[in-house]
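# Architecture and fold: a report
In case you want the letters, here they are:
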Amino acid sequence: MADVDTFLFTSESVNEGHPDKLCDQISDAVLDACLAEDPDSKVACETSTKTNMVMVFGEITTKANVDYEKIVRDTCRVIGFTSDGVGLDADRCKVLVNIEQQSPDIAQGVHGHFTKRPDGKTQVTVEYRNDHGAMVPIRVHTVLISTQHDETVTNDEIARDLKEHVIKPVVPEKYLDEKTIFHLNPSGRFVIGGPTKVDRSGAYIARQAAKSIVANGLARRCIVQVSYAIGVPEPLSVFVDTYGTGKIPDKEILKIVKENFDFRPGMIIINLDLKRGGNGRFLKTAAYGHFGRDDPDFTWEVVKSLKWDKPSTA
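A brief look at the structure comes next. (Residues numbered from 1 in each chain as written. Predicted model: local features only at pLDDT ≥ 70, side-chain atom pairs only at ≥ 80, totals over all residues. Heavy atoms only, no water.)

The phi dihedral of Tyr243 falls on the positive side, at around 55 degrees, and the residue is not glycine. On the secondary structure map, Tyr243 appears in the loop between strand 10 (232-241) and helix 6 (250-260). Residue Asp273 is not a glycine yet carries a positive backbone phi of 55 degrees. (Helix = DSSP H or I, 4+ residues; strand = E, 2+ residues; numbered from the N terminus.)

Here's what the structure looks like:
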């Protein structure tokens, strides 16, 4: 009997009392509380903890009247941190709160000759050719750069300097052509930097798309990737890989996905009902995973019946 090609693969799960999960649950409890009173809340909340201390910080824009310290203590208590003996006493631990309003420059971008300041983000989308399993780069499809800048600079100056001093020295000229798309500070002003909101809605719509591909019999396994730029509603790229299990080419499956899903952040929020908070909806996602759970609050787990032109079998 021939040897079977096998391998070992290890997965890990931690309990809700793990420090990382404790922090996630506190942050999401804050999100739930804000959304419960103000569905238009913009929440970028981070939490850190050490022995008998919890710190909550970040940027939140909300009309909700939220008692952040109470949320911290209540969440710790429910998880089971009720005494010094377990490392944290919900009623006696030190709670530090440092919440500020979200940067108006970031809010403007998401919801509507320069000094290189420290905050920024770069994304490069490359078009590849599959050459017998080897991914060969063909060209650069899109370059996104969002960089914090001096308040006196114009957008035209930013774009010119980024192309000359950042893009040209890094990206080989052979990969740039007349069709290459440049998003250079697409939100406009970016004078005020610092922590920004990390939006999870893209991950949720990608999960629903991937799950729907499998459920509709298009593949046995797949991954869906989507990328965005602040201030640009349409995604920079959507990618589908079925790991060779697709019933039709991945390129065709990608076309079906784009025809059946609206990847614009505003429409994701509407279609997955993401403004609905309260009842610990997002708190539940903070331990034991966002995906693969049978819960009506996890709207991204609902499979869509995909529509596409199927070939005739007559």
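Glancing now at helix 5 (residues 201-215). Every α-helical turn comprises 3.6 residues, leaving residues that sit three or four positions apart pointing alike. When the terminal C-alpha atoms of helix 5 are compared, their 21 Å separation across 15 residues agrees well with the 21 Å that a helix rising 1.5 Å per residue should span. In this fold, the buried residues of helix 5 make contact with strand 9 (223-229), strand 10, helix 6 and helix 7 (265-271). One or two steps after helix 5, the chain reaches Gly217, where phi turns positive at roughly 75 degrees. (Expected span 1.5 Å × (residues − 1). Contact = heavy atoms within 4.5 Å.)

Here the focus is the pattern of salt bridges. Here the structure, examined in full by the defined rule, presents 20 salt bridges. Among the salt bridges present, the one from Lys168 reaches Glu164, with a minimum N-O distance of 3.4 Å. Here Lys168 pairs with Glu164, and both are found in helix 4 (residues 155-170), just four residues apart, close to one helical turn. Residue Lys168 is classed as exposed on the basis of its relative accessible area of 56%. In this structure, Glu301 engages Arg207 in a salt bridge whose closest nitrogen and oxygen atoms are separated by 2.8 Å. Taken together, the residues Glu301 in the segment after helix 7 and Arg207 in helix 5 connect sequence positions 94 residues apart. The class of Glu301 is buried, set by a relative accessible area of 8%. Overlapping salt bridges bring together Asp273, Arg276, Lys284, Asp295 and Asp297 as one network. (Salt bridge = Lys/Arg side-chain N within 4 Å of Asp/Glu carboxyl O. Buried < 20%, exposed > 50% of the residue type's maximum accessible area, 1.4 Å probe, protein only.)

Turning to helix 2 (residues 68-79), a few remarks are in order. Taking 1.5 Å of rise per residue, twelve residues should cover 16 Å, and helix 2 covers 17 Å from first to last C-alpha, within 8% of that figure. Looking only at helix 2, the buried set comprises Tyr68, Ile71, Val72, Arg73, Thr75, Cys76 and Ile79. The inward-facing, buried residues of helix 2 contact helix 1 (19-37), strand 2 (53-61), strand 4 (88-89) and strand 5 (94-100). Phi for Gly80, located one or two positions after helix 2, is positive at around 120 degrees.

This paragraph deals with the side chain of Thr180. If you trace the backbone, Thr180 turns up in the loop between helix 4 and strand 8 (181-184). Looking at Thr180, its side chain comes within polar contact range of the main-chain oxygen of Val140, at 2.9 Å. Not counting residues up to four positions away in its chain, the partners in contact with Thr180 are Arg139, Val140, His141 and Tyr175. (Polar contact = N/O pair within 3.5 Å; in protein donor to acceptor, adjacent residues only side chain to side chain.)

By themselves, these figures tell us nothing about what the structure is for.
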